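What follows is the residue order along each chain.
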Amino acid sequence: MLSSFPLLPAPVPVTARVRRAEPVMGTVVSFDVPAAAVADGSLDAAVRWLHWVDRVFSPYRPDSDVSLLAAAEVTVDGCAPEVAEVISACTAVRLCSGGYFTAAPGGVFDPSGYVKGWAVERAAAILSAAGSSNHLVNGGGDVQCAGGRPRSSLAPAPVPDSPAPAGPPSPAPGEEPWRVGIADPLRRGRLALVVEAADSAVATSGIAERGAHIVDPHLGRPAAGLASLTVVGPSLALADAYATAAFAMGPARARDWTESLPDYEAYAITEDGDTWQTPGFAPHIAPA
Amino acid sequence: MLVAVVLTVAGLAALRSFKTHMNGSERAVGSPPSVPPLSPGEHALTGRAVPTVYGPVQVRVVERSGSIVGVNILRHPAETTMDIQIGQFAFPRLVGETLTAQSARIDSVSGATYTSHGYISSLQSALDHGA
């Protein structure tokens, strides 16, 4: 388990940005925000929101709304209104995925597969509502970004005559796309690729984080065939749920299904190390 | 220069919150891995052991001329199959992320980790000591 790495160049100082890592919802949620989000309290508000979601939605807390609902000790009407919102969204994804996404894995109500992405997206929206136009929130590997990364905090900007990058990520002047590395599920410690994201979300489902943990709801056993599947698109709640559903489908079905999704693109790595992507994914890949 | 790395990798808020969990005794881990010797001009910053729900996590940072040139995992959870899986996958990736963040510009990683807070907190304390 020892690792050593060769000499690398000195880091670039980052100015007027704040990074914060918050343990919550059984994972770590990290923020990259403008310093103003600390001063105006919106970073704290976003963190409080995540802890509130944990209290209401955690299936591991016996007094959470989700636990009480699963035990039929309350009805949806007796829960926070967000519970009905989440149930409705889970139902929509279940229907559009042919049942490969479910809020009742194993037959017990547990919307965790939707809640993390949804909560992180909403945390990013809290920062936006307070005036931040560029921030990144990463909840255990699922990323929602607003705007791009301000150039002022970066290494030297590209020379003026360099061609403008083509494709979907198109941040405002003075910003560059966020660069989100996609963990390689087959070569630990490596990145499989880097995705550029502006005003968009990146979610990855796979075997890397906690072993084979995504169950094919139709077969009742761990999904086989894929090592990881990444979805990019506007909403992290949907990108995360789509990635989970597609992973459960296995490679062939997932490819057809993700190609049918408007506004969302997918990149998959199979257990054998083969890769495929939807036709619109290529512009999201950062140039090497 | 080192401070910039610290701020990109870790959150002090996380560190503060973990201090409340420091009372419990640390679980023993398997035989501690041997640590590679330092080359001339390098020095090591050893972080404190940070308890996580999976067991203590401790890292050592190797620094040369103000840059991190290596990160060694000194202790990691190793008691259960789950922990071994997490350790095998999570730590090398995070070590890679620490170093990658300096060499190429990577703002975040998708498909990430479970015990990362332990790694980050120990890394933070190593860098705090060296700063």
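Everything numeric here is computed off the predicted structure, so don't read it as measured data.

Thresholds applied
Sequence positions are assigned chain by chain, starting from 1 and proceeding in written order. Think of it this way: whatever chain is written first is A, whatever ligand is written first is 1, and the rest follow in order. Reporting of local features is limited, given that this is a predicted model, to residues whose pLDDT is at least 70; pairs of side-chain atoms are given and counted only at 80 or more, and all residues count toward the totals for whole chains, interfaces and linings. Neither water nor hydrogens contribute to the side-chain values; these are computed over all heavy atoms in the structure. Think of it this way: any DSSP run of H or I at least four residues long counts as a helix, any run of E at least two long counts as a strand, and we number them from the N terminus. By definition here, a helix of n residues has an expected span of 1.5 Å times n minus one. For each residue, the accessible area found with a 1.4 Å probe, counting protein chains only, is set against the maximum for its type, and the residue is called buried under 20%, exposed over 50%, and partly exposed in between. We call two N or O atoms a polar contact when they sit within 3.5 Å, provided that within protein one can donate a hydrogen and the other can accept it, with sequence-adjacent residues counted only if both atoms are side-chain atoms. DSSP bridges decide pairing: two strands pair if at least two such bridges lie between them. What counts as an axis is a line fitted to C-alpha atoms, over the stretch in contact for a helix, and the angles between N-to-C directions run from 0 to 180 degrees. Residues count as neighbours in contact if any of their non-hydrogen atoms are within 4.5 Å of one another.

A. Structural view of helix 6 (residues 236–249) of chain A. All names here are of chain A. Under the 1.5 Å per step criterion, the end-to-end length of helix 6 is 20 Å for 14 residues, consistent within 8% with the ideal 20 Å. Among the 14 residues in helix 6, 13 count as buried, and that is most of the element. One side-chain oxygen at the N-terminal end of helix 6 lies 3.3 Å from the backbone nitrogen of Ala 237; it belongs to Ser 235. Looking at the residues trailing helix 6, positive phi occurs at Gly 250, about 85°.

B. Looking closely at unusual backbone geometry. All names here are of chain A. In the Ramachandran plot, Asp 199 falls in the positive-phi region, its phi being about 55° despite a non-glycine side chain. Even without being a glycine, Asp 263 presents a positive backbone phi close to 75°. Mapped onto the fold, Asp 263 is located in the loop between helix 7 (251–259) and strand 13 (265–270).

C. Representation of the sheet that holds strand 7 (residues 178–183) of chain A. Read from one edge to the other, the open sheet built from 3 strands follows the order 8(A)-7(A)-5(B), with strand pairing classed as mixed. Every interior strand has two partners, whereas the edge strands, strand 8 (191–197) of chain A together with strand 5 (108–110) of chain B, have only one. Recorded for the sheet is a direction-independent mean angle of 35° between the axes of neighbouring strands.

D. Spatial organisation of the side chain of Ser 58 of chain A. Residue and element names in this part refer to chain A. With respect to the helices and strands, the residue Ser 58 is situated in the loop between helix 2 (42–57) and helix 3 (65–70). By relative accessible area, which is 9% here, Ser 58 ends up buried. Among all residues touching Ser 58, those that are not within four sequence positions of it are Val 53, Ser 64 and Ser 67.

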